[in-house]
Structure formats: structure tokens, C-alpha cells
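Each chain, written out:
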Amino acid sequence: YDDQGCAGKVGTQLQAFYSPNGDELDGGSSKSLVLTGLVADASGRWRSNIGVATPSTNTAETQLTITVYDDGGNAVYGPAPWTINQSSDVANGIRSFVQIPISTYVSSSYTGGLSAVISKVTGGPIIGYGTVIDGLSGDSVYIPMVKSQ
């Protein structure tokens, strides 16, 4: 709760590396992560980010593909390659991590719901999440990853 309205400062704490059920994508029977509930808004009121990390210390590079779908199930981007380089993305003692705005993949004129499918091609285990950010207040909502079946 923020009683200062749009002037308040609120953030989202993400425990992206917490995986009590082994939910990381490790190349077993599931090879894709699904993020639903993402949003794009041409007016700038709402925006979404995708975050992906590889907690492995043994892999120098993890190669992924990303496909973004509109709310009708139509692919609006991808599948396109996406690489996490451990040597360039290490920060604050955390292994490779990348966060990218969904607007990178969607037309600036699009407004509506989106989903993203992140598929691992090579490399170590990955974990992911999404956020939807209110453009007025800066408040965000965490969207956990789901492994495809």
C-alpha cells in the first residue's frame, strides 16, 4: 500500500533464484518456460519485463529462443535467439541474469495481453519471471514462470 499516490516509491522484491520444487528449466522433459499475463500498452500506462537467469557456474553461455504471443494466440515475435553470456552478465555475485522489456519484441502500437515462451537450446539450467509495471505509479506485479509439459 502506498498512501502517497503516484508520488510514492514502491518496488517489487523478486526471489528469482528460489526454486523449492526444482522449477528451474534443466533440460529434462520440459524444455520451455511459459509466462502469461504480460501486457503491452501503446499509451505507456502498462509495460512488462521478462527476466531470465542461469544459476549454473559451469556454463559460459546459455542459448535460448523467445516467442511472444498476443492475446489471440498469434505469434507476434520469434522464435528469436537470445543468449545469456555468463562473463558479461554477472552482477553482485549473482550468475548470469538478463531482464528485457517486452516492448523490445512487440510493435509500439500494440495494446493488449501477451504471453512469452522461452525455450532453452543449449547451456545450463535457467529460471525466469515476468513483471507488469504500472506506468503511472511504478508499482509492479510479479509473474512466476511455469514449465511447459
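Residues numbered from 1 in each chain as written. Predicted model: local features only at pLDDT ≥ 70, side-chain atom pairs only at ≥ 80, totals over all residues. Heavy atoms only, no water.

## Comments concerning the sheet that holds strand β5 (residues 97-101)
- If you walk across this open sheet you meet the four strands as β5-β2-β7-β8, and the pairing is antiparallel. This sheet does not close on itself; its edge strands, each paired only once, are β5 and β8 (140-144). The mean inter-strand angle of the sheet, taken between neighbouring strand axes irrespective of direction, is 20 degrees.
- Strand direction decides the pairing type here: strand β2 (residues 46-53) and strand β7 (residues 127-134), joined by eight bridges, are antiparallel. Following the sheet pairing, Ile 50 is matched in β7 by Gly 130. (Pairing = 2+ DSSP bridges. Helix = DSSP H or I, 4+ residues; strand = E, 2+ residues; numbered from the N terminus. Axes fitted to C-alpha atoms, helices over the stretch in contact; angles between N-to-C directions.)

## Brief notes about the nonpolar core
- Leu 38, Ile 50, Val 52, Trp 82, Val 106, Leu 114 and Ile 118 are the most contacted members of the largest nonpolar core, which totals 26 residues.
- Mapped by element, the contributors of at least two residues to this core are β1 (32-40), β2, β3 (61-70), β4 (75-85), β5, β6 (112-122) and β7.
- A total of four residues in this core trace back to one element, the largest contributor, which is β1. (Core = buried A, V, L, I, M, F, W, Y, C linked by side-chain atoms within 4.5 Å. Buried < 20%, exposed > 50% of the residue type's maximum accessible area, 1.4 Å probe, protein only.)

## A look at the sheet that holds β3
- Taken together, the five strands give an open sheet; going across it, the order is β4-β3-β6-β1-β9, and neighbouring strands pair in antiparallel fashion. With partners counted over all chains shown, the strands left at the sheet margins are β4 and β9 (146-147), one partner each.
- As judged from the two bridges shared by β1 and β9, these two strands associate in the antiparallel manner. Following the sheet pairing, Val 34 is matched in β9 by Val 146.

## A few points about the confidence of the model for the protein chain
- Mean pLDDT over the protein chain stands at 76; residues scoring 70 or higher make up 69%.
- The low-confidence segment residues 16-23, where pLDDT is below 50, has 10 contacts with residues more than four positions distant or belonging to other chains. (pLDDT = per-residue confidence, 0-100. Contact = heavy atoms within 4.5 Å.)

## What about unusual backbone geometry?
- Cis geometry marks the peptide bond from Gly 78 to Pro 79, where omega comes out at 10 degrees.
- Looking at the secondary structure, you find Pro 79 in strand β4.

## Section: the side chain of Asp 70
- Mapped onto the secondary structure, Asp 70 falls in strand β3.
- Here Gly 72 takes part through its backbone nitrogen, which lies 2.9 Å from a polar atom of the side chain of Asp 70.
- If near-sequence neighbours (up to four positions away) are discounted, Asp 70 is found in contact with Val 76, Tyr 110, Gly 113 and Leu 114. (Polar contact = N/O pair within 3.5 Å; in protein donor to acceptor, adjacent residues only side chain to side chain.)

## Some words on the side chain of Ser 32
- Inspection of the secondary structure puts Ser 32 in strand β1.
- For Ser 32, the side chain forms a polar contact with the side chain of Ser 119, separated by 2.8 Å.

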